[in-house]
Amino acid sequence: MSHNRFGKVLSVTTFGESHGPAIGCVIDGVPPGLPISAEEFEPDLTRRATGRSRHTSQRREADVVEILSGVYQGRTTGTALALLIRNVDARSKDYANIEAQFRPGHADYTYWQKYGIRDPNGGGRSSARETTMRVAAGVIAKKWLATHHSITVRGHLDQLGPLKPRQFEWSSVEDNPFFWPDASMVGELETYMDDLRKSGDSIGAGVTVVAEGVPTGWGEPIYGKLDAEIAAAMMSINAVKGVEIGAGFASITQHGTEHRDEMTPEGFLGNQAGGILGGISTGQTVRVRVAIKPTSSLRLPGRGIDANGAAVDIVTKGRHDPCVGIRATPIAEAMLALVLMDQALRHRAQCGDVGAVSPRIPAGIDLF
Ligand code: EPS
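Residues numbered from 1 in each chain as written. Predicted model: local features only at pLDDT ≥ 70, side-chain atom pairs only at ≥ 80, totals over all residues. Heavy atoms only, no water.

Peer 1: Describe unusual backbone geometry, and please don't skip the residues or the numbers.
Peer 2: Both trends apply: most residues other than glycine have a negative phi, and most peptide bonds are in trans. Cis geometry is found at the peptide bond from P221 to I222, where omega equals 15 degrees. For I222, the position within the fold is in the loop between β10 (205-212) and α6 (226-235). You will see that D63, though not glycine, has its phi angle at about 50 degrees, which is positive. Position of D63 among the secondary structure elements: in the loop between α1 (42-48) and β4 (65-69). Unlike most non-glycine residues, F179 shows phi in positive territory, near 55 degrees. Tracing the sequence through the fold places F179 in the loop between α4 (170-173) and α5 (186-199). Taking the relative accessible area as the measure of exposure, F179 reaches 6% and is therefore buried. (Helix = DSSP H or I, 4+ residues; strand = E, 2+ residues; numbered from the N terminus. Buried < 20%, exposed > 50% of the residue type's maximum accessible area, 1.4 Å probe, protein only.)

So this is what it looks like as structure tokens:
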């Protein structure tokens, strides 16, 4: 399998299978001198992890990071940063019945057709377990962005199936297992998820991620547009089926007078652009939304085929997420942070000497 790596100056290569001995990553291009300890990975890895509420997969992984290289006396050295997490709670017998069968809606079928061989245990390489290492790498990017540019990257669930927040408060997001910005709806979400879990079905979700404090000028037109690289990074996350930047698909029905973000010396009067114009950051909040499909591993029988092409009824056992989107917020944050850090380093390489050519407009109003 090629292309386990993404990023240009800052690159991340991940490896490992869900039921193998370990998963890991190599992060190349981290500037020297960034203070980092193994403990700093814990908060974000815990936010993403399974088994932290009854609404996610009950697999219990400790997700403890071992730093194998690239750090000396608590600081990055500029050499390859290698991180390892050992798998401790794989239960491969759950997958014995689908070893030679393909779950409808799952990568089982395409992996088999492409490679002629696949590791069925926990989905092998196609498992969302791989996203653990994205989040670990994202911890480095978030820290560098915060310390060097005062940038904050954060996100929240913005839709759970049919449910949408009625109010919005960032302060509520980390206080419930759903990353939900409306505290008054948490009970409703609990009931929805309990009923869904009992039914055996799954549901999709929407996640919004924002980066606040991004300076003007990051992103490389034509083929390295900031929005294009964000979209590619988000689409590379398991189960993501759609990405919007700013107004996104709402642009289809907008008039130009509505979509354009007018500018005054005091700041922009809106952010339909999602903080990016011509593939380059405007200095406004970078605003991204992702659509996450419902989990395809279901105990409700579905029609599929086996490796001989025969029709079979497929039932998936095991410990699955009824809504994988619930755990996606930290993953989307990590991918946004990694793309931004890569673009920041590339911007510094080519345009580090370019001074301000005219006064910069403040970020202004962040309304659609
Ligand atoms: C996953 C299936 C389940 C989840 C897993 C993602 O794996 P298993 O059957 O081995 O428990 O638990 O999620 C994780 C282990 C994780 O760390 O995110 C899948 O098919 O994607």
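Past the structure itself, the notes keep going.
Peer 1: Requested: an account of the sheet that holds strand β17 (residues 302-306), with residues and values cited.
Peer 2: One open sheet holds the three strands; their spatial order is β8-β17-β18, and the pairing between them is antiparallel. Each of the sheet's edge strands pairs with one partner strand only, and the pair in question is β8 (101-102) and β18 (311-314). Examined bridge by bridge, β17 and β18 share four bridges and lie antiparallel to one another. Directly across from R303, in β18, lies its bridge partner D313. (Pairing = 2+ DSSP bridges.)

Peer 1: Please set out the pairing of strand β7 (residues 81-86) residue by residue, giving values where relevant.
Peer 2: Where burial is concerned, most of β7 is hidden: five out of the six residues are buried. Where strand β3 (residues 22-28) lies against β7, six bridges are found, and the strand directions are antiparallel. Among the inter-strand pairings, I23 is bridged to a residue of β7, identified as I85. Alignment of β4 against β7, held across four bridges, turns out to be antiparallel. Considered in β7, the bridge of V65 is made with I85.

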